[in-house]
Amino acid sequence: MSRGALVVVEGLDRAGKTTQCDRLVARLSTSTTTKLRKFPDRTTPIGIMIDSYLRSNSDLDDNAIHLLFSANRWEASSAIKAELENGTTLVVDRYIYSGIAFSRAKGLDAAWCRNPDVGLPRPDVVIFLDISEEATAGRGGYGEERYEKKEMQRKVRQAFKELRQDERDAEDWVVVDAGQSVEEVEEDIWRAAQKGIERAKTEDLRTIL
Ligand code: 2DT
């Protein structure tokens, strides 16, 4: 039996990540054991601190919250490895790339932002749901949380663009046009996920460099 694949889905707010992750999990589940994970995981003690920050119930230094987001991944990392080894395929809604992009958007240093995540399990594929500012506007307003503002989203879009060009893992990314219909996006994501599933059949799990 081969290991499970680590399939990460990233994107801007209102790109349809939640809907598409659910569809991908449902579709993968017909042929293989599949589990959805989401970061931040707001259920752990660290996650509760993050949740309070995102809802603006507490304030934290930009560097401190960055490290909490990373710690929230590290606390899941052994479980993630064990699940992959057991043959479970994981669909992960946001991962280190959201971590780096949102902190970069606030002006933190790129290398500093990546460092705490070095050594975490590396995705077999990173599927990026790309959506233009105009298209997100057509999907109704942003929510209430701290980062759900136009100017911040603009900076995050730019930070993701930078990240996709990082030579350490540029090969992992597949960009999907999230402005298409839900069904079209689902098909593109399904095809992209196969890339990760094929990799998991032949390669050991890698770590973030
Ligand atoms: P959700 O709306 O998807 O729950 O995300 N974020 C996320 C960071 O700033 N750093 C991270 O490491 C992660 C995983 C993105 C909540 C917000 O948290 C941001 C949006």
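Residues numbered from 1 in each chain as written. Predicted model: local features only at pLDDT ≥ 70, side-chain atom pairs only at ≥ 80, totals over all residues.

So, about the overall build of the chain. Helices and strands together make up the secondary structure of the chain, namely eight helices and seven strands. In terms of overall size, the chain behaves like a compact globule, its C-alpha atoms giving a radius of gyration of 16 Å where 209 residues would be expected to give roughly 17 Å. For the chain, the spread of C-alpha atoms along the principal axes amounts to about 45 × 35 × 35 Å. The proportion of buried residues among the 209 residues of the chain is 34%. Within the chain, contacts between residues separated by at least 24 positions form 83% of all contacts whose residues are at least 6 apart in sequence. (Helix = DSSP H or I, 4+ residues; strand = E, 2+ residues; numbered from the N terminus. Rg over C-alpha atoms; globule rule 2.2 N^0.38 Å. Buried ≥ 20, exposed ≤ 12 C-beta atoms within 10 Å, placed from the backbone. Contact = placed C-beta atoms within 7 Å.)

Attention now moves to the pairing of strand β1 (residues 6-11). Within β1, six of the six residues are buried, leaving the element largely enclosed by the surrounding structure. One ladder, built from four bridges, connects β1 with strand β3 (residues 89-93); its direction is parallel. Residue pairing in the sheet places Val7 in a bridge with Val91 of β3. (Pairing = 2+ DSSP bridges.)

The next subject is the UniProt feature "domain: Thymidylate kinase-like" (unreviewed entry) in the chain. Within the UniProt annotation, "domain: Thymidylate kinase-like" (unreviewed entry) is assigned to residues 9-189. With 50% helix and 14% strand, residues 9-189 has its two end C-alpha atoms placed 9 Å apart. (UniProt positions renumbered as here; feature names shortened; annotations may be inferred.)

Reading across the sheet, the five strands line up as β2-β3-β1-β5-β6 and stay open at both edges, with parallel pairing between neighbours. Strand pairing shows two members of the sheet lacking a second neighbour, β2 (34-38) and β6 (173-177), which therefore form its edges. Here the average twist between neighbouring strands, direction ignored, is 20 degrees. Sitting on the sheet, helix α3 (residues 62-85) touches β1, β2 and β3, and the angle it makes with β3 is about 145 degrees. (Axes fitted to C-alpha atoms, helices over the stretch in contact; angles between N-to-C directions.)

Within the secondary structure, Asp172 sits in the loop between α7 (150-164) and β6. Take Asp172: there are 21 C-beta atoms within 10 Å of it, and that puts it in the buried class. Placed 49 residues apart in sequence, Asp172 and Pro123 show a C-alpha to C-alpha distance of 7.5 Å. Excluding residues within four positions of it along the chain, Asp172 makes contact with Pro123, Val125 and Val126.

This part takes up unusual backbone geometry. Look at the link from Phe39 to Pro40: it is a cis peptide, with omega at -5 degrees. If you trace the backbone, Pro40 turns up in the loop between β2 and α2 (45-54). Here the phi dihedral of Arg14 falls at roughly 75 degrees; this positive angle occurs in a residue that is not glycine. For Arg14, the location among the structural elements is in the loop between β1 and α1 (17-29). The phi dihedral of Arg94 falls on the positive side, at around 75 degrees, and the residue is not glycine. Turning to its location among the elements, Arg94 is positioned in the loop between β3 and α4 (96-105).

Quick look at the packing of α4 against α7 now. When two helices pack together, you describe them by how their axes are tilted relative to each other and by the distance separating the axes. In contact at an axis separation of 8 Å, α4 and α7 are set at 125 degrees when each is read in the N-to-C sense. In terms of their interaxial angle, α4 and α7 are classed as oblique. Remark: the crossing between α4 and α7 carries right-handed chirality. Residues Tyr97, Ile100, Ala101, Phe102, Arg104 and Ala105 of α4 form the contact with α7, whose participating residues are Met152, Lys155, Val156, Ala159, Phe160 and Leu163. Residues belonging to the contact of α4 with α7 are distributed by class as follows: 10 nonpolar, no polar and two charged. (Parallel < 35°, antiparallel > 145°, perpendicular 65-115°, else oblique. Left-handed = near helix turned anticlockwise from the far one by under 90°. Nonpolar A, V, L, I, M, F, W, Y, C, P; charged D, E, K, R; others polar.)

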